[in-house]
Amino acid sequence: MEVVIASSSDDAGIGCWDLRTGAEKLRYKTCASPPHGLVSVGGRFLASSQLREPSASSGSVLFWSWSKPQPEVKSFPAEPIKPLAANSLGTYIVGGGSSGNIYLWEVATGRLLKKWKAHLRGVTCLVFSEDDSLLISGSEDGCIRVWSLFRIFDDVQSQQASHLYEHSITEHSLPVTDIVTGYGGCNAILVSASKDRTCKVWSLSEGRLLRNIVFPSEIDVIALDPGEHVFYAGSRDGNIYIVALHAESKPSKVFGMHIIGLLSDHSKPVTCLAYSKEGNSLLSGSEDGMVKVWDLKTQNIIRMFRHAKGPVNNILIVKPQSSPNLSKRHGSLLPPPLEKYANSSDKETDNKAVIALQATISSTPEPFYYSSQLINDHIKELQQQGSAAAEIDVERLKLDCKRSMQMLQQWKKMYDNLHEFCVDELLDGHQVPGSEGNSA
Amino acid sequence: MAAFEHFKEHYKDMYDVKLKPRMLRTLIRKHLPDEKQPLHSSFELAKVVSTIQTHSLLSESFEEESTDQKLIQSWNSVIDDWVNRVLLLASSNMSDKCWAGICLLGLTCQECSSARFFSSYSVWFQKLLSHLQPPADSQFVKVASCTSLSDLLTRLGRFSNLKNDGTSHSGKLIQPILKLLNEDSSEAVWDGAVSLLHTIITFFPASIHHHYDKAEAAVSSKILSGKCGPKMLKKLGHCLALLPKSKGDEGSWSLMMQKILVLINDHLNDVFQGMEEEAKSAKVRRLLVPPGKDPPPPLGGHTSLIGAIEKTIKRSDQLLTSSVSTLMICCCKLLTSSYPVQVPVPICSLLSLIERVLMMDGSCPQTMLPFMTAMQQELICSDLPVLHVHSLDLLIAVIKGMSRTFLHFKLGILLIPLLRGPISMAPSMHTFTSNIFIACSHLLPHAAEVVRLVTKYFRRCALPELRIKLYSITRTLLISMGVGMAMYLAHDIVDNASIDLNSVLEENAGTSASDPNSIKIQSAKRKRKHGASFESSEEQQDKTNTGLEVGAHKKHKIIPISLKMAALEALETLLTVGGVLGSESWRSSIDNLLIMIATYSCKGGWANEENDIFLPHESTSILADFQLAALRALLASLLAPARVRPPYLAQGLDLFCRGKQEAGTKIAGFCAYALLTLEVLIHPRTLALDDFPSACPNLSKEMGHDAPELDYEDDDFLLNVNDSPEKYPGKCMKDTVEPFKSKETDLVEKLPETNFAEKPPPSDACGIKAPEISEWEPATGNADVQMISDEDQIIVESHQFQKPVQFQEVVSAKSATNHEFAGDPQGTELKLGRAASGSDSLSHKDHDMVSTVNISQDKVEGSANVSGTTPSVIPRADKGKDPWNDGSDSDSSNDSFPDIVDADPDSDSD
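You'll find chain B entered in an unreviewed UniProt entry as Pre-rRNA-processing protein RIX1 N-terminal domain-containing protein, with Rubroshorea leprosula given as the organism. What UniProt states about chain B under its Sequence similarities (unreviewed entry) heading is, verbatim, "Belongs to the RIX1/PELP1 family." Under Subcellular location (unreviewed entry), UniProt gives the following word-for-word description of chain B: "Nucleus".

The name that an unreviewed UniProt entry assigns to chain A is Protein ROOT INITIATION DEFECTIVE 3, with the source organism given as Rubroshorea leprosula.

**A word on the overall build of chain B**
Helices and strands together make up the secondary structure of chain B, namely 39 helices and one strand. The burial tally for chain B puts 54% of its 910 residues in the buried class. Contacts spanning at least 24 positions in sequence make up 74% of the contacts within chain B whose residues lie at least 6 apart. Of the roughly 40800 Å² of accessible surface on chain B, 56% is carried by carbon and sulfur atoms.

**Re the overall build of chain A**
Of the regular secondary structure elements, chain A holds six helices and 28 strands. A burial count over chain A gives 54% of its 440 residues as buried. In chain A, once contacts between residues fewer than 6 apart in sequence are set aside, the share between residues at least 24 apart is 45%. Here chain A displays about 19400 Å² of accessible surface, and carbon together with sulfur accounts for 52% of that area.

**Examining the layout of surface pockets**
Rolled over the atoms, a probe with the dimensions of a water molecule shows which regions are left empty. Residue and element names in this part refer to chain A. Quantified by volume, the largest pocket comes out at close to 1800 Å³. Lining the largest pocket are 50 residues, and of these V127, Y275, K277, L316 and I317 sit closest to its centre. Among the secondary structure elements, those contributing two or more residues to the lining of the largest pocket are β3 (38-41), β7 (81-86), β11 (123-128), β15 (176-181), β19 (219-224), β23 (270-276) and β27 (312-318).

**Describing helix α10 (residues 212-225) of chain B**
All names here are of chain B. The first and last C-alpha atoms of α10 sit 20 Å apart over 14 residues, in line with the 20 Å expected at 1.5 Å per residue. Here α10 lies mainly inside the structure; eleven of its 14 residues are buried. Taken together, the buried positions of α10 are Y212, A215, E216, A217, A218, V219, S220, S221, K222, I223 and L224. Count one or two residues on from α10 and you reach G226, which has phi positive near 75°.

**Some words on the environment of T321 of chain B**
Residues and elements named next belong to chain B. Structurally, the position occupied by T321 is in helix α15 (residues 317-336). In this structure T321 comes out as buried when scored by relative accessible area, which is 3%. Considered as a pair, T321 and H442 are 121 residues apart in the sequence and their alpha carbons are 31 Å apart. Not counting chain neighbours up to four residues away, the residues in contact with T321 comprise D383, V386 and L387.

**Brief notes about the packing of aromatic side chains**
Scanning all chains against the criterion turns up 17 aromatic pairs over all chains. Pairing F150 of chain A with Y488 of chain B gives two aromatic rings, centres 6.2 Å apart and planes at 50°, and the pair type is tilted. In this pair, F150 of chain A is assigned in helix α1 (residues 149-153) and Y488 of chain B in helix α19 (residues 464-508), connecting two distinct chains. Residue classification places F150 of chain A among the buried residues on the basis of a relative accessible area of 2%. Residue Y488 of chain B is classed as buried on the basis of its relative accessible area of 15%. Geometry around Y212 of chain B places K247 of chain B over its ring, the cationic atom sitting 4.3 Å from the centre.

**Brief notes about the packing of helix α6 (residues 114-129) of chain B against helix α7 (residues 139-157) of chain B**
Residue and element names in this part refer to chain B. Orientation of α6 relative to α7, taken along the N-to-C sense of each, is 145°, at an axis distance of 11 Å. By crossing handedness, the relation of α6 to α7 is classed as left-handed. On the side of α6, the interface is formed by S114, F117, Y121, W124, F125 and L128, while α7 contributes S145, S148, L149, L152, R155 and L156. In terms of residue class, the contact of α6 with α7 is made up of eight nonpolar, three polar and one charged.

**Looking at the UniProt feature "repeat: WD" (unreviewed entry) in chain A**
All names here are of chain A. The positions that UniProt labels "repeat: WD" (unreviewed entry) are, in the present scheme, residues 116-149, 169-212 and 263-304. A distance of 12 Å separates the end C-alpha atoms of residues 116-149, which is 3% helix and 56% strand. Split by type, residues 263-304 is 0% helix and 62% strand. Its first and last C-alpha atoms lie 15 Å apart.

**As for the pattern of salt bridges**
The tally for this structure, following the rule as stated, stands at 28 salt bridges over all chains. As a salt-bridge pair, E24 of chain A and R27 of chain A come within 3.1 Å of each other at their nearest N and O atoms. Given a relative accessible area of 25%, R27 of chain A falls into the partly exposed group. D393 of chain B is the salt-bridge partner of K469 of chain B, the closest N and O atoms lying 3.4 Å from each other. Of this pair, K469 of chain B sits in helix α19 while D393 of chain B sits in helix α17 (residues 374-402), placing them 76 residues apart in sequence. For D393 of chain B, a relative accessible area of 24% corresponds to the partly exposed category. Linked through salt bridges whose partners overlap, the residues forming this network are D220, R236 and E287 of chain A.

**So, the pairing of strand β22 (residues 259-264) of chain A**
Along any regular strand, the residues point their side chains to alternate faces of the sheet. Residue and element names in this part refer to chain A. With respect to burial, β22 is a largely interior element, five of its six residues being buried. Note: strand β21 (residues 239-244) against β22, five bridges, orientation antiparallel. Pairing of I240 across the sheet is with L263, part of β22.

**Some words on the nonpolar core**
Across soluble globular proteins, nonpolar side chains show a tendency to be buried alongside one another. Counting residues in hydrophobic clusters, the biggest one holds 231 residues, and the most contacted among them are W82, L477 and F656 of chain B. Lining this core are residues from two domains, each supplying at least three of them: domain 1 (3-318) and domain 2 (364-429) of chain A. Other than its neighbours up to four places away in sequence, W82 of chain B contacts L24, I28, L32, V48, I52, L58, L104 and T108 of chain B. Of all hydrophobic cores here, the second largest spans 18 residues; its members include A193, V201, V243 and I259 of chain A.

**What about the packing of helix α5 (residues 95-111) of chain B against α7 of chain B?**
Residue and element names in this part refer to chain B. Where α5 meets α7, the closest approach of the two axes is 8 Å, and the angle between their N-to-C directions is 15°. The orientation of α5 with respect to α7, classified from their angle, is roughly parallel. In this structure, α5 crosses over α7, and the sense of that crossing is left-handed. Contacts between α5 and α7 involve S95, C98, W99, I102, C103, G106, C109, Q110 and E111 on the former and, on the latter, F140, V141, A144, S145, S148, D151, L152 and R155. Taken together, the residues of the contact of α5 with α7 sort by class into nine nonpolar, five polar and three charged.

**Things to note about the sheet that holds strand β6 (residues 73-75) of chain A**
Residues and elements named next belong to chain A. The four strands are arranged β3-β4-β5-β6 in an open sheet whose pairing can be described as antiparallel. In this open sheet, the two edge strands, each paired with only one partner strand, are β3 and β6. On average, adjacent strands in this sheet sit at an angle of 20° to one another, irrespective of strand direction. Here β3 runs beside strand β4 (residues 45-49); their pairing, made up of four bridges, is antiparallel. Paired with V39 across the two strands is A47, which belongs to β4.

**Thoughts on the sheet that holds strand β2 (residues 14-18) of chain A**
All names here are of chain A. Spatial strand order, β2-β1-β27: three strands in an open sheet with antiparallel pairing. The open sheet is flanked by β2 and β27, the only strands paired with a single partner. This sheet shows a mean twist of 20° between the axes of neighbouring strands, independent of strand direction. Two strands pair when backbone bridges link them, and strand β1 (residues 3-8) and β2 are joined in this way by five bridges, in the antiparallel orientation. Directly across from A6, in β2, lies its bridge partner G15.

**Describing the confidence of the model for chain B**
Residue and element names in this part refer to chain B. For chain B, per-residue confidence averages 69 on the pLDDT scale, and residues scoring 70 or more make up 59% of the total. Segment residues 405-440: pLDDT under 50, and 104 contacts once partners within four positions in sequence are set aside and those in other chains are kept. Note on residues 510-556: pLDDT under 50 across the span, and 46 contacts to partners over four residues away in sequence or across chains.

**Some thoughts on unusual backbone geometry**
The omega angle of the peptide bond from Q133 of chain B to P134 of chain B is -5°, so this bond is cis rather than trans. Looking at where P134 of chain B falls in the secondary structure, it is placed in the loop between α6 and α7. Notably, E228 of chain A is not glycine yet its phi reads approximately 60°, a positive angle. If you trace the backbone, E228 of chain A turns up in the loop between β19 and β20 (230-235). Residue E228 of chain A is classed as buried on the basis of its relative accessible area, which comes to 17%.

**A closer look at the confidence of the model for chain A**
Residue and element names in this part refer to chain A. Confidence along chain A averages 82 in pLDDT terms, with 86% of residues attaining 70 or more. Per-element confidence in chain A ranges from a low mean pLDDT of 49 for helix α6 (residues 434-439) to a high of 93 for β11. Of the regions scoring below 50 in pLDDT, residues 323-331 engages in 15 contacts with residues more than four places distant in sequence or in other chains.

The rules behind these values
- Residues numbered from 1 in each chain as written.
- Chains lettered and ligands numbered in written order.
- Predicted model: local features only at pLDDT ≥ 70, side-chain atom pairs only at ≥ 80, totals over all residues.
- Heavy atoms only, no water.
- UniProt positions renumbered as here; feature names shortened; annotations may be inferred.
- Helix = DSSP H or I, 4+ residues; strand = E, 2+ residues; numbered from the N terminus.
- Buried < 20%, exposed > 50% of the residue type's maximum accessible area, 1.4 Å probe, protein only.
- Contact = heavy atoms within 4.5 Å.
- Areas by Shrake-Rupley, 256 points an atom, 1.4 Å probe, with all protein chains shown as cover.
- 1 Å grid on protein atoms, 1.4 Å probe; cavity = no way out; pocket = protein on both sides within 12 Å on 5 of 7 lines; lining within 4 Å.
- Points joined across faces, edges and corners; volume = space filled by probe spheres on them.
- Expected span 1.5 Å × (residues − 1).
- Phe/Tyr/Trp six-rings, centres within 6.5 Å; stacked < 30°, edge-to-face > 60°.
- Lys NZ or Arg CZ within 6 Å of the ring centre and 35° of its normal.
- Axes fitted to C-alpha atoms, helices over the stretch in contact; angles between N-to-C directions.
- Left-handed = near helix turned anticlockwise from the far one by under 90°.
- Nonpolar A, V, L, I, M, F, W, Y, C, P; charged D, E, K, R; others polar.
- Salt bridge = Lys/Arg side-chain N within 4 Å of Asp/Glu carboxyl O.
- Pairing = 2+ DSSP bridges.
- Core = buried A, V, L, I, M, F, W, Y, C linked by side-chain atoms within 4.5 Å.
- Domains from an automatic or database assignment.
- Parallel < 35°, antiparallel > 145°, perpendicular 65-115°, else oblique.
- pLDDT = per-residue confidence, 0-100.

Written as structure tokens, this is what we have:
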């Protein structure tokens, strides 16, 4: 079951609808999220950073389990966090601070594993690459940086290197509003949108600019088609532009280079987009508080959800992975809150990693019976008793026998010699101790 | 067949169910011993077993529902007889009959129907147990009892409603099993007992709970005793690792892990005595047992026993090595087998322990020299490879265990993964409280450490077996950790693989390769001549082998095929995962290397994949595997994206084409697949963009970034002319085009001037000029006019003296409609004709336009005097097109323009 999750910068809660039926589900309360501030952590629970008063000294990140409307876990990081991202398995949560710091927490323990100065100004968006090994961050100063998590964690190398990032892209002149990455590991592309009215397509591995698209209006959000022949750009003029990524595609003069069409129905700026694999549809959220579902084949709206009067600024499509029917005696279903500071004194837990060794097969192991094998083995053994092995044994025994015979002969000879000697001695009339004779 | 004669009716065929009771009865009568008859030959028993299994004689299962009661009853009674006879045999005093009875009872447990098993398993269990308690005399009987009991419990484990019963039954077995382990002297019996123990832990872990310590003691003392063979040790190790499952809590697992690691470390102290600084051992120890904490009780719990062994028996290094190896196997199993709850892995101590072993290369530190004898050093060095192998295995297990990509959950919450593949709950669940969110890919914070260890060891490691393992570790790392890891590992993989693979090429390099170090180069040359000459038939059969032998002579170091395969696989993975990433420095040399290897490995034809039954194992197919690995790596190198077109595509295709012809082999299958994937490289497809207005096949492709801005008008034109909006469903486009119309025409007015101003000197060839002209083509509002104007410009270029006149026409044409333009058909036609004839070097597009425009005008005007010129133009245009058909995009332009031609008159008449 795929559900649509939408949140707003107003305190309108998090709306949740079944994508297929359109039925509204539980509405999660008390959430005023910044753009890119809502994330589903491994499909297990929802996390959202919260808009704070400018004067607030700490940030706020809330967790909701699927089954309860109230936020269950509240964390207060050291500074206001805006964008939030989790890797696909939900092992780590990263948050971008308004001072340009990026925080990386381990979800299972809540530990702040790393914190580093990523940008000179506030971080506006954070996204993991498809294989979760790279992190891409965009900033208010228009800078985009690509981080390798390995390097972040590699203390030795990070001390040697002059900078931590893999690429630093500074071609946007105004704040970066959104970043998406495509499939393909190192061959993946990166699409960035900025307030400077452009979207730029980059090669993720090289940080090279592949394409620059100029729009009539500011682009707040982009969504990549999984086939990557187009991407969708939600603009402040209320249109969703369809932009070609294929070299062969047909650009249009009307909208600008590479732009091949638009979806237009929102009266207010489009602030968030999400692509749903089920039914090849695109979801768009707008400042008018509506979430619209577009059939991309026909380019028609097939469904609408009303979230609130206020602006929608985050949409997620999630497959929740929980079963709410279980007893609550195990306490909270959620992980502990995210720590405010890195706790370096706790060396012992540092040395351990909590893992789960889950059975990889669903049923009991496929039974394997040994009896028939054993019978065959034993029969073979029984058969062999009269054969080659025994022959070798006989050979060996014969050899042993021969050797023993030789030994016997030797002893006998020795005895004879001794006997002769003793007799001689006796006849000579001298008394000699036997032992001496033996050792001779 | 005398038996059949009694039977009045005949059987339908060999699948007739009625046959089964009959066959079983015959088996009982003829082949099974009873009290009086002795067991004739053990072969008869094998025949009984195979017949029963082949025909499922004990299954009592009927295909169709309505089978007559008589048949059911007769089968039932025959099986009753069978069971009685088997039980009778199992009670016999003669050990051979008893053995046969026990074995067949085990077989019955496996084969009989569920109902029968359900009703009689406890009787069978008692019967089997009686041979273990007290233990029978015969070793065969003891082993057979263990095995049959194991089968009985395995079957019992399938009944979920009998869990408690099974647990209580297997509880009775623990004592006798431990007794066998402790007191018996035969390894076969231990084997049977350990296998039974393993079955019990797997299916009824709770039954061991009360005997946990004793079981641990028994198994671990067996491991440390040094009396078992390697296979047995492995089984013991696995058993020990599974023991914590019987308790199923976090503490037991951690304690077991800690005990084992501490013991390994202590043993290593003994083995490495005098070879390394104490600090290393102390470091691991500190990580294992943090300062201020109590060390765990020793493994097996009996300090005195182990102490006694250590004092009385001088523990040989051999023994230490084997027990360290077993304990490492046990660790691996602990890390990779499933466990009901999440567990804390002491990752740092594991890694430092592994590092301790891997960094020990048998060299003596200077300070230690006085205390070491050469003898001691020799002993350690001879054992080190085994230790290294197991440490690498442990490293693999750590990586696997830490980066399991399955979604986990804690019991109690049951986060059922919906579409996440084969995940589910562990069979046994215990209540447990702690946080539930179990993270995967936990290796990340330690990845750098692992990589450093691997690369450091790669530089030292020279043994093929170890290098193969290292390659497999790097592959695992690459695949599980993706791009980031590729950046780290690329250079090491490339360097090492090049070293391992270059030898192949050196062998292959022919006589010209001069190796100054080679002493036997003469003989090598001679041999190679044989090997490489394609006439000699005998040598031909085994060419690759010969080549390898020659290489051995020359290099004085044989690199086994399996190592080369591992290197190839590592390169393949690297290219797949991180093909373009920072690859400029190594990519071309690796591409070159891979094509050379592939060519070399396949030049002698294709290896026979069939196993030679006279050779042990699969030693023949390794050549085929090598070829396959080479081809796979080659495919990866061709497919991995690079800045340039794959340089060896032609050679690669040739290899794959040849390989495909070896019908019925793995290589042929792979080559067919490779050709399919490479086909996209050969014919780059414009993937159909179904959901969007399809790209108009026009000139824009050639123009790079300038043209597209203006191109849209072309679509507009097509829409008007073709009148087929369904082909261009972008409704918004059509709507939005209109308002822009006026702007377009404004633009048009300006365009010719600009064009003219930019016109290059007349000496420029028309062919070169063409694309630039066409840049302006889409700018015009009216397509027909625009085309004409283009042609006019071409003419302008071809015949410079007409320039002023032509230009005027262009300008007038821009603002003119079709009809206006029709006023001067003659002149245009003439010019067109000239343009077409006078410009053989024109690009095909221009030809297209010429012909198109001709026809359209012809039709529009309905003028007869034009027709005289058109035929002369069209064939030319077609001819001109032909050479372009090979071009990648000529199809599209061919397709599109005829459309216009057909549609044009309609639209105009409307």
